[in-house]
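Remarks on the overall topology
What follows is each chain in one-letter form.
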Amino acid sequence: MWPFTTKKTSFAGSAILPFKSGKAFFEYQCEVGIVDLKPKQGIVGLVKKVSLEPETNIQNATLQIASRDGGFETFSQTANGKGDRLVDGDIVIWVPLHPDPILASVYKNDKRSQWMGLIVARVAPEIDTQRSQFRFYCKYT
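The structure reproduced in this document is the subject of the present report.

Thresholds applied
Residues numbered from 1 in each chain as written. Predicted model: local features only at pLDDT ≥ 70, side-chain atom pairs only at ≥ 80, totals over all residues. Heavy atoms only, no water. Buried < 20%, exposed > 50% of the residue type's maximum accessible area, 1.4 Å probe, protein only. Helix = DSSP H or I, 4+ residues; strand = E, 2+ residues; numbered from the N terminus. Arc of directions from axis to C-beta. Contact = heavy atoms within 4.5 Å. Phe/Tyr/Trp six-rings, centres within 6.5 Å; stacked < 30°, edge-to-face > 60°. Lys NZ or Arg CZ within 6 Å of the ring centre and 35° of its normal. Core = buried A, V, L, I, M, F, W, Y, C linked by side-chain atoms within 4.5 Å. Pairing = 2+ DSSP bridges.

Thoughts on helix α1 (residues 22–32)
Every buried residue of α1 is accounted for by Gly-22, Phe-25, Phe-26, Gln-29 and Cys-30. Considered in projection along α1, the buried side chains sweep an arc of 145° and stay on one side of the axis. Where α1 is buried, its residues contact β2 (43–52), β3 (59–65), β5 (91–99) and β7 (126–128).

What follows is the structure in C-alpha cells.
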C-alpha cells in the first residue's frame, strides 16, 4: 500500500562498523565487551595520557579500562619500545597480569586499578560484523 513498499535490504556491503571516536568505541565495549579482570585476558582500554621513556622508547600511559560501570583507571606501559606512538584517545588492548603493591599505594579506592598489566596492541575503533576480531594497528609484543 502506498507510500509503503516491501523492499529487501541487503547488508552485503562492508562488514566494518566504524565508531566516531575511540571514546565512543570504549563506551560500547563497557556495555558489551569482555570486561572480566583475569590474568592474561586482554581488555579494551582508552589512552588518557601518555609519555615516553627516551632511553628505552617504552611508553607509559594512564588508561581507562573497560568495565560495566564505565571503566576504571590504571597506569600501564607498552610491552616493549617498538611500534607506533600512542596518543590520547587511542584504543589499546591491556593485559592484566597480577595485583601490584606499588599501584595499590596509588589507587587505594578501587582494587581493580591495582592490577599491573601491559599494553600489547593498539587497535582500530571498529567492529567487524563477520569476524569477532580486532583490527590491529600495532602490536607491542
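Next comes the rest of the account.
A look at the packing of aromatic side chains
Evaluation of the coordinates by the stated rule reveals 4 aromatic pairs. A ring pair is formed by Phe-19 and Phe-25, whose centres lie 5.2 Å apart and whose planes are at 80°; its orientation type is edge-to-face. Residue Phe-19 is classed as partly exposed on the basis of its relative accessible area, which comes to 23%. Residue classification places Phe-25 among the buried residues on the basis of a relative accessible area of 0%. Between the aromatic rings of Phe-25 and Phe-134, the centroid separation amounts to 6.2 Å while the plane-to-plane angle is 75°, which identifies the pairing as edge-to-face. Within this pair, whereas Phe-25 is found in helix α1, its partner Phe-134 is found in the loop between β7 and β8 (136–139), the two being separated by 109 residues in sequence. Above the ring of Phe-136, the side-chain terminus of Lys-139 is found at 4.7 Å from the ring centroid.

Quick notes on the environment of Leu-17
Looking at the element boundaries, Leu-17 is found in strand β1 (residues 16–18). The exposure class assigned to Leu-17 is partly exposed, which follows from its relative accessible area of 45%. Taking C-alpha positions, Leu-17 is 30 Å from Arg-112, a pair spaced 95 residues apart along the chain. Non-local contacts of Leu-17, meaning those with residues more than four positions away in its chain, are made with Glu-126, Ile-127 and Thr-129.

A closer look at the nonpolar core
Counting 26 residues, the largest nonpolar core has Phe-26, Leu-63, Ile-91 and Ile-119 as the members making the most contacts within it. Contributing elements (two or more residues each) for this core: α1, β2, β3, β5 and β6 (115–123). The residues contacting Leu-63, other than those within four sequence positions of it, are Leu-46, Val-47, Lys-48, Phe-72, Glu-73, Thr-74, Ser-76, Val-92, Trp-94 and Ile-119.

Some words on the pairing of β3
Burial within β3 is extensive, with 7 of its 7 residues counted as buried. Side chains of β3 alternate between two faces, with Gln-59, Ala-61, Leu-63 and Ile-65 and Asn-60, Thr-62 and Gln-64 buried alike. What sits between β2 and β3 in their antiparallel hairpin is a turn of 6 residues, with Asn-57 showing a positive phi close to 65°. Alignment of β3 against strand β4 (residues 72–78), held across 6 bridges, turns out to be antiparallel. Along β4, the bridge assignment pairs Ala-61 with Ser-76. Hairpin connection from β3 to β4: 6 residues lie between these consecutive antiparallel strands, with Gly-70 at a positive phi of about 100°.

On their own, these measurements won't tell you what the molecule is for.
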